[in-house]
Amino acid sequence: MKIHAFIPLATLIARLSIAGTFISAALPKIKAPTEFAVSIEGFELIHSPLVHWVALLLPWLELIIGIGLIVPMIRKVSGALIAGLLILFIGLHASAWQRGLDISCGCFGTEAEPTTNYSLLILRNLLLLAATCFVLFRDLKANRATSKIAI
Amino acid sequence: MALLIKELTLICVLTLLGASFSIFSGLTQPPWSASELEAGEIHQVDAEVINPIWVDARPEVDYETAHIEGALSLNDSNWDSQIFDLMGAWLESPQPIVVYCSSASCDTSKQIAERLRMDLPDAEIYSLHGGWQP
């Protein structure tokens, strides 16, 4: 069997994994925005009142684009936004690591671990970014094929 | 291109609807009200970052029911017995002190913070903006 036969299955697994990660990251932060705001402040890049806006809007954006990645109508833009957010998160974690900040990631809301393992976190986000790019590429390719058929 | 803008708009609208739900259901206070600090007040988010000594200015019965972890009870009725515990904690570890009561409308935390400033003039003392609910 050719490797091409597995690509749709790999795309589906990648899509569901990314969506699941973003949805499960968003829900605890929606339930406890104050704790998430504390985590954001820990990065020492933005402060009140901007931090309250980010703590309010970012979890909802994560939830919508997480669900959006499995909804055909908005999955292309959702994929692009997820990729953009992952690049932002990688940059933020690299910056905190470089500054030697001893903070909690806040990625999944209130976390038990007091500090962040930056290398593991950046690696995880790089893997998610690679998976997102793969899914996005497949969606764009499928879109082009549909357009050609329509023509 | 128009389709992508339409998708982006839909995502933004859904995000704003979700954020509105958070505000109107009471999950969070509106960010625009978070900036209205009076002198000597601090937001909970900022207070948690500085890892303060928490002082619970509510009645002792409320303190017994629930309080912020590690908080000391201090109000007008137990002042004489509790003030030394607080002074001891502050002398042992001179961190900022944050006093809280139960809501934005309660005034006790400001009064207790004011009284504390007289007894501990070298301490950094705040009252918690918006109060604390279990």
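In this section: helix α4 (residues 75–98) of chain A. Between its first and last C-alpha atoms α4(A) spans 34 Å; for 24 residues at 1.5 Å apiece the expected length is 34 Å, and the two agree. All of the buried residues in α4(A) are A:K76, A:V77, A:S78, A:G79, A:I82, A:A83, A:L85, A:L86, A:F89, A:I90, A:H93 and A:A96.

Pairs of aromatic rings are described using the distance from one ring centre to the other and the angle between the two planes. Counting across every chain of the model gives four aromatic pairs over all chains. On the numbers, 6.2 Å between centres and 85 degrees between planes, the contact of A:W60 with B:F21 is edge-to-face. A residue pair is termed interchain when its members come from two chains, as with A:W60 in helix α3 (residues 50–68) and B:F21 in helix α1 (residues 2–24). Since its relative accessible area comes to 12%, A:W60 is described here as buried.

This paragraph deals with the environment of B:Y100. Residue and element names in this part refer to chain B. Relative to the assigned elements, Y100 resides in strand β4 (residues 97–100). Taking the relative accessible area as the measure of exposure, Y100 reaches 0% and is therefore buried. For the pair Y100 and H129, spaced 29 residues apart in sequence, the C-alpha to C-alpha distance is 8.0 Å. Not counting residues within four places of it along the chain, the set of residues in contact with Y100 comprises W54, V55, D56, A57, R58, H67, I68, A71, S109, L128 and W132.

Criteria and thresholds
- Residues numbered from 1 in each chain as written.
- Chains lettered and ligands numbered in written order.
- Predicted model: local features only at pLDDT ≥ 70, side-chain atom pairs only at ≥ 80, totals over all residues.
- Heavy atoms only, no water.
- Helix = DSSP H or I, 4+ residues; strand = E, 2+ residues; numbered from the N terminus.
- Expected span 1.5 Å × (residues − 1).
- Buried < 20%, exposed > 50% of the residue type's maximum accessible area, 1.4 Å probe, protein only.
- Phe/Tyr/Trp six-rings, centres within 6.5 Å; stacked < 30°, edge-to-face > 60°.
- Contact = heavy atoms within 4.5 Å.

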